[in-house]
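As a plain string of letters, each chain reads:
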Amino acid sequence: MAAAAGAAATAAAAAAAAPRSPGAPTAAARARRLPPLLVLLAAAAAGPGAGGAARLYRAGEDAVWVLDSGSVRGATANSSAAWLVQFYSSWCGHCIGYAPTWRALARDVRDWAAAIRVAALDCAEEENHEVCRAYDIHFYPSFRYFKAFTKDFTTGENFKGPDRELQTVRRTMIDFLQNHTDTDRPPACPPLGPIPPSDVLSLLDNRDGRYVAILFENNSSYVGREVILDLLPYENIVVKRVLDADEAFLEKLGVSSLPSCYLIYPNGTRGLMNIGKPLRSFFSSYLKSLPDVRKKLISLPEKPNKEENPEVVIWREFDRSKLYTADLESGLHYLLRVELATHRSLAGAELQTLKDFVTVLAKLFPGRTPVRKLLETLQEWLANLPLDRIPYNAILDLVNNKMRISGIFLINRIKWVGCQGSRPEFRGYTCSLWKLFHTLTVQAGTHPEALDGTGHLSEDPKFPKVPWPSPDLCPACHEEIKGLHSWNEGQVLLFLKQHYGSDNLVDTYAADQEDAHEGGAPPEGGEQEQGLVSPEKPQGEQRAKSLRPPSVLPPRPDLSQGLQLGLDGGHQSVSRAEGHREVEVAVPFLGMGFSSLDMSLCVVLYVASSLFLMLMYFFFRVRSKRWKVRYHRLSV
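Residues numbered from 1 in each chain as written. Predicted model: local features only at pLDDT ≥ 70, side-chain atom pairs only at ≥ 80, totals over all residues. Heavy atoms only, no water.

The name an unreviewed UniProt entry assigns to the protein is Quiescin sulfhydryl oxidase 2, from the organism Canis lupus familiaris.

What to know about the nonpolar core
Core analysis: the largest hydrophobic core is formed by 111 residues, its most contacted members being F87, W102, M173, L229, L287 and I395. The greatest single-element share of this core, amounting to eight residues, is contributed by helix α13 (residues 348-364). Residues contacting F87, with those up to four places away along its chain left out, are L121, C123, C132, Y135, I137, F139, Y140, P141, S142, R144 and F146. By size, the runner-up hydrophobic cluster in this structure holds 15 residues, among which are V212, I214, V242 and A245. (Core = buried A, V, L, I, M, F, W, Y, C linked by side-chain atoms within 4.5 Å. Buried < 20%, exposed > 50% of the residue type's maximum accessible area, 1.4 Å probe, protein only. Helix = DSSP H or I, 4+ residues; strand = E, 2+ residues; numbered from the N terminus. Contact = heavy atoms within 4.5 Å.)

Side note on the UniProt feature "transmembrane region" (unreviewed entry) in the protein
UniProt records the feature "transmembrane region" (unreviewed entry) at residues 603-620, using the numbering of this structure. Helix makes up 100% of residues 603-620 and strand 0%, with an end-to-end C-alpha separation of 26 Å. (UniProt positions renumbered as here; feature names shortened; annotations may be inferred.)

Points about the state of the cysteines
On inspection of all chains with the given rule, the structure shows three disulfides. Note on cysteine connectivity: C419 is disulfide-linked to C431, with sulfurs 2.1 Å apart. The sign of the S-S torsion, about -75°, decides the handedness of the disulfide formed by C419 and C431: left-handed. Of the two residues, C419 is situated in the loop between α15 (392-399) and α16 (429-446) and C431 in helix α16; the sequence distance between them amounts to 12 residues. Per residue, the accessibility class of C419 equals that of C431, and both read buried. The disulfide partner of C474 is C477, and the S-S distance across this bridge is 1.9 Å. Disulfide C474 to C477: torsion about the S-S bond roughly 75°, handedness right-handed. Looking at the protein, its bonded cysteines, counted consecutively from the start of the sequence, adopt the pairing 1-2, 3-4, 5-6. (Disulfide = S-S within 2.5 Å.)

Description of the sheet that holds strand β4 (residues 142-146)
Read from one edge to the other, the open sheet built from five strands follows the order β1-β3-β2-β4-β5, with strand pairing classed as mixed. Edge positions in the sheet fall to β1 (65-67) and β5 (157-158), since each has one partner strand and no second. In this structure, strand β2 (residues 82-88) lies alongside β4, joined through five bridges in antiparallel fashion. Looking across to β4, one finds that V85 is bridged to R144. Docked against the sheet, helix α5 (residues 93-108) engages β2, β3 (116-122) and β4, running at close to 155° with respect to β3. Contacts from helix α7 (residues 166-178) reach β2, β3, β4 and β5 within the one sheet, and its direction differs from that of β4 by about 30°. (Pairing = 2+ DSSP bridges. Axes fitted to C-alpha atoms, helices over the stretch in contact; angles between N-to-C directions.)

A few points about the sheet that holds strand β9 (residues 260-264)
Within the open sheet, the four strands sit side by side as β8-β6-β9-β10. Their pairing is mixed. Here the strands that pair on one side only, and so sit at the sheet edges, are β8 (237-243) and β10 (270-272). On average, each strand axis in the sheet is inclined to that of its neighbour by 20°, with strand direction left out of account. Here strand β6 (residues 211-217) runs beside β9; their pairing, made up of five bridges, is antiparallel. Within β9, the residue paired with F216 across the bridge is S260. Running over the sheet, helix α9 (residues 223-230) touches β6 and β8 and is turned about 155° from β6. The sheet contacts of helix α11 (residues 280-288) involve β6, β8 and β9, and relative to β9 the element is tilted by about 15°.

Regarding the pattern of salt bridges
When charged atoms on two side chains of opposite charge get close, those side chains can pair. If you walk through the whole model with that rule in mind, you get 15 salt bridges. A salt bridge links D111 to K288, with the nearest nitrogen and oxygen atoms 2.9 Å apart. Taken as a pair, D111 in the loop between α5 and β3 and K288 in helix α11 lie far apart in primary sequence, 177 residues in all. According to the relative accessible area criterion, D111 is buried, its value standing at 15%. Judged by its relative accessible area of 25%, K288 is partly exposed. Two residues, R344 and D136, come together in a salt bridge whose shortest N-O distance is 3.0 Å. Remark: D136 occurs in the loop between α6 (129-134) and β4 and R344 occurs in the loop between α12 (325-339) and β12 (345-347); sequence separation between them is 208 residues. In this structure, a network of salt bridges that share partners links the residues D108, R170, E226, D230 and R280. (Salt bridge = Lys/Arg side-chain N within 4 Å of Asp/Glu carboxyl O.)

Quick look at the pairing of β6
β6 sits mainly inside the fold: seven of its seven residues count as buried. Both β6 and β8 contribute to a ladder of seven bridges, which runs parallel. Paired with Y211 across the two strands is I237, which belongs to β8.

Structural data, given as structure tokens:
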């Protein structure tokens, strides 16, 4: 399944790419107008999985705390312990592959539960998709930390580790605990910071009836903190850690290497612990096995022992050679109602991707009439909606047919047939995506006219994207082996070297150097170098003379002649006189590119404005004198 899907993805990617690289299958060219979104759809189906009731972690069986929409907020809000929650999707290949590591992590730190807990929530469950939207989950898996005693709602802090290996995550859990302040630190978590070497002397005289284990380590070590948390649920023992102790002091205690553990017994005797290897597991195991060291009775939230509503899986007999409508429609239902629901709204590239995808579905989906009408209605609505951002709820209302439009319908449940798996977490949703992808690809090849007008706006219909170099450009590049097209890569390389070589450059329609020279005068020497274009000439003017309809382009040269175009001057069609006329129209002035006509108009307007201002000045001067004479006579 994966191999076939990968081959289809490669074919679709080749069909969407341009220009064609040598070796691209010619059959893919028939579907060249497929939008790149189908490749994104293939990427979404990169791993095995299922939708619906598939679960990677099971309450009562795994050490992982299994949360859902009804428990996640209650568990993480105002909790006496911190939480590390993995938001995953049971159909996600990365999540499935990571599940053994997550289970192993939960088992490894199960004794830390009073301070920090490892949990998981399946966003693939339809009842959980609202809460996953609330927590801003867009990628799977997503890891979030929640501090203890958090009263207000928060989406948590993102995991910030260099990788997701068990040891890395365990150490980041310790860092997260140490980021708590003294006021919000989990009460069951002892201080994880080191004590000064001077405090060791007071511990040596311990007589409180408990064991005291002192771990000497360097700054980069996590062993001491891990052992402290490992012994968290145990009583009659205290674990401390010391950094950078004085060498003389360590020598006095018999410590010759780091990390090492110095143990003080309840009766006051003390000495260096002798263990096989200076590792966390050896230290913790030894300390847990000491006499009178036993687990405390710590009250933790009760974890369910079994699934509350185990689903009864009904196997449906099916023919593997058939394509089932139920699989395609179930995949569409899950994609539109669950996967898309992770976005509160869609805008920009995300919105355009949705529009492209729905367009492909509306044009090519071969399913039942009500589903096709729904997709066509959705496509028309998206195309005509004059909004830059669309809320997901508006899309959902249309998918659910809240407007009661007659004749449109999409099932609102999952029923896998050909995509059934031997277990709920296998196949399912991603299987349906692959089947949908293959179906759309075949439909595009069978009905290429269906996508007319849906190509990218930048694609020139007179220059369609085809495998390149085409047979008319390079006949020697193309061969047939046993009736199938193949590429002669040696000839392709030769063609590329000739086609893009300097000998194949022609100066037809290129601006002459003397034409582009400032002031129109030719440079000294009179001769010009071929192929040079003046940087002073605006790029728009440089291109304007080169834009011609395909019908009047110069004829294509023959490769057998070595592609020696323009070297003998036979194809140069722009005369020196035409260049002079062109430069007279647009003479560069102060580097601005103004023409002589522009400058003449500026001078005329300047003179006219000056005369007008002078006339207005004399007019108002004369008028003001008349007013003064008139009012003077009246006053007399």
